[in-house]
Each structure stands twice: as structure tokens, then as C-alpha cells.
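Residue-level structural notes
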Amino acid sequence: VDVHAEATSEKVALARWLDGRVTAVLGTHTHVQTSDARILPGGTAAITDVGMTGPHDSVIGVKADQAIYRMRTGMPVRFETAEGGVRIEGALVECDGSGRATAIEPLRESSRMLAVSGVSGAMLLSMSHPAMWTLRTSPARETTPPPAQ
């Protein structure tokens with residue numbers, strides 16, 4: 001379950017309520033990966049926020065000067081995607097045959113580490129939110145994210 005919410009208390013409460021009924025409750029929205037990944041007593045993996053996939057030398061993916069201008073002046077500005085410091089953040093959840101989570105591990109890879117490991121930069125995934133994409137590590141096969149539906 002992708003919980004796109006601001007308040008950590010809402011995400012933790014939903015994870016507790018769904019414990020044992022779903023494999024994982026993964027929070028999104030704040031763009032900052034949290035360090036509270038855990039397996040709840042009923043076998044549900046949970047993390048308050050899986051983080052952001054994109055340029056971290058930015059203001060949540062936007063060129064910093066543009067975001068700062070808008071915040072300081074209240075005037076609209078066309079946002080452009082920042083460059084540099086690209087990271088993939090998310091969480092790897094393992095589960096048993098019954099769907100109960102057995103492990104959850106926060107994932108954070110920088111563009112430098114991806115280049116060193118030979119990953120082609122192509123990510124594909126199982127979910128629509130970029131922070132939850134599954135990393136394919138086959139450098140011989142480059143793929144792109146699925147189109148939005």
C-alpha cells in the first residue's frame with residue numbers, strides 16, 4: 001500500500017491498522033527517506049517514507065533557485081527539473097509464500113554508485129511512484145518506466 005500522506009502519524013496508524021492484512025505499507029510524499037523500516041507483529045513491512053528518486057541537488061527535484069524565488073516572492077515560476085546528485089531511493093521488501101513480510105531494507109543508490117556497479121540507468125517497476133520502482137541490474141538490457149495510466 002502506497003500511503004501518500006504528509007503526517008507520519010497517519011502513515012504509522014494505517015500500517016498498524018493494516019498489519020497482517022497486507023504485505024507492506026510504504027509511505028511517500030515528503031521526499032525524505034526515513035530510518036524507521038520495520039516488520040510489524042502481524043507480518044506487515046512498514047516505512048514512513050521511502051524517499052525520492054531524482055536529483056537530490058535540488059528542492060524536491062526542482063532547480064533550487066526557482067523554488068526559492070517562488071517561496072520568497074509568492075510569484076508563479078515555471079519549475080524545471082534539477083540536475084546532479086541523482087539518487088534512487090525506495091525499499092526492498094521480502095516476503096514468504098503466504099505474503100507475510102520477512103524483511104524490509106531501505107534502498108538508496110547514487111548515480112555514481114550506479115555507474116560503478118555497471119547499471120545502465122534504466123529502472124523499471126512495479127508501481128507508479130518512482131520511489132517504489134524495482135531496480136533491474138542487467139546492464140545488457142535497458143528499459144524505461146512504463147507510461148502513466
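Residues numbered from 1 in each chain as written. Predicted model: local features only at pLDDT ≥ 70, side-chain atom pairs only at ≥ 80, totals over all residues. Heavy atoms only, no water.

Quick word on the overall build of the chain
To keep things clear, this is the line we draw: Secondary structure counts use DSSP, requiring at least four H or I residues in a row for a helix and at least two E residues in a row for a strand, with both numbered from the N terminus. Here, two residues are considered to be in contact whenever any of their heavy atoms come within 4.5 Å of each other. Where accessible areas are quoted, they stem from the Shrake-Rupley method and a 1.4 Å probe; at the residue level, only the protein chains shown are allowed to cover.
On a plain count of helices and strands, the chain comes out with three helices and seven strands. Contacts in the chain between residues at least 24 apart in sequence constitute 41% of all its contacts with a sequence separation of at least 6. Summing over all exposed atoms, the chain offers an accessible surface of approximately 9100 Å²; the carbon and sulfur share of this is 55%.

As for the sheet that holds strand β7 (residues 101-110)
Either a parallel or an antiparallel arrangement is found when strands of a sheet pair, and the pairing is made through backbone hydrogen bonds. The condition that has to hold: A pair of strands is treated as paired once DSSP finds two or more bridges between them.
Taken in spatial order, the three strands of this open sheet run β5-β6-β7, and their pairing is antiparallel. Two strands in the sheet have a free side with no partner beyond their single neighbour: β5 (54-55) and β7. Two elements, β5 and strand β6 (residues 86-95), share two bridges in a ladder whose sense is antiparallel. Among the inter-strand pairings, Pro55 is bridged to a residue of β6, identified as Val86.

Things to note about the side chain of Thr48
Within the fold, Thr48 resides in the loop between β4 (45-47) and β5. The residues touching Thr48, leaving out its near neighbours within four places in the chain, are Thr8, Lys11, Val12, Gly27, Thr28, Thr34 and Asp36.

Regarding the confidence of the model for the chain
Under the convention used in this document: Each residue carries a pLDDT score, the predictor's own confidence in it, on a scale running from 0 to 100.
Here the chain averages 81 in pLDDT, while 74% of its residues score no lower than 70. A low-confidence stretch, residues 118-144 stays under pLDDT 50, and its non-local contacts, those more than four residues away or across chains, total 53 contacts.

Side note on the pairing of β7
In terms of strand pairing, β6 meets β7 through nine bridges, oriented antiparallel. In the strand pairing of β7, Cys95 is matched with Ala101. Where β6 folds back onto β7 in an antiparallel hairpin, the turn is made up of five residues, including Gly99, whose phi is positive at roughly 95°.

What to know about the packing of aromatic side chains
What describes a pair of aromatic rings is the distance from one ring centre to the other and the angle between the planes of the rings. Going by this rule: Only centres within 6.5 Å qualify two rings of Phe, Tyr or Trp (six-membered ring in Trp) as a pair; their planes then separate them into stacked at under 30 degrees, edge-to-face at over 60, and tilted for everything else. As a reminder, the over-ring test applies to NZ of lysine and CZ of arginine, requiring each to be within 6 Å of the ring centre and within 35 degrees of the ring normal.
Tallied over the entire structure, the rule returns zero aromatic pairs. Above the plane of the ring of Trp17 lies Arg21, whose end atom (NZ or CZ) is 4.4 Å from the centre.

Here we look at the sheet that holds β4
Heads up, the rule is: Axis lines are fitted to C-alpha atoms, over the contacting stretch for helices. Their N-to-C directions set the angle, which ranges from 0 to 180 degrees.
Strand order in the open sheet formed by four strands is β1-β2-β4-β3, and the pairing between neighbours is mixed. Of all the strands in the sheet, just β1 (2-4) and β3 (38-39) have a single pairing partner and so form its edges. The pairing of β3 with β4 spans two bridges and is antiparallel. Bridge pairing in β4 places Arg38 opposite Ala46. Across the sheet, helix α1 (residues 8-18) lies against β1, β2 (24-28), β3 and β4, angled at about 170° from β2, the strand it touches most.

Focus: the environment of Gly54
Residue placement: Gly54 occurs in strand β5. For the pair Gly54 and Glu89, spaced 35 residues apart in sequence, the C-alpha separation works out to 8.5 Å. When residues no more than four places from it in sequence are discounted, the contact partners of Gly54 are Gly85, Val86 and Arg87.

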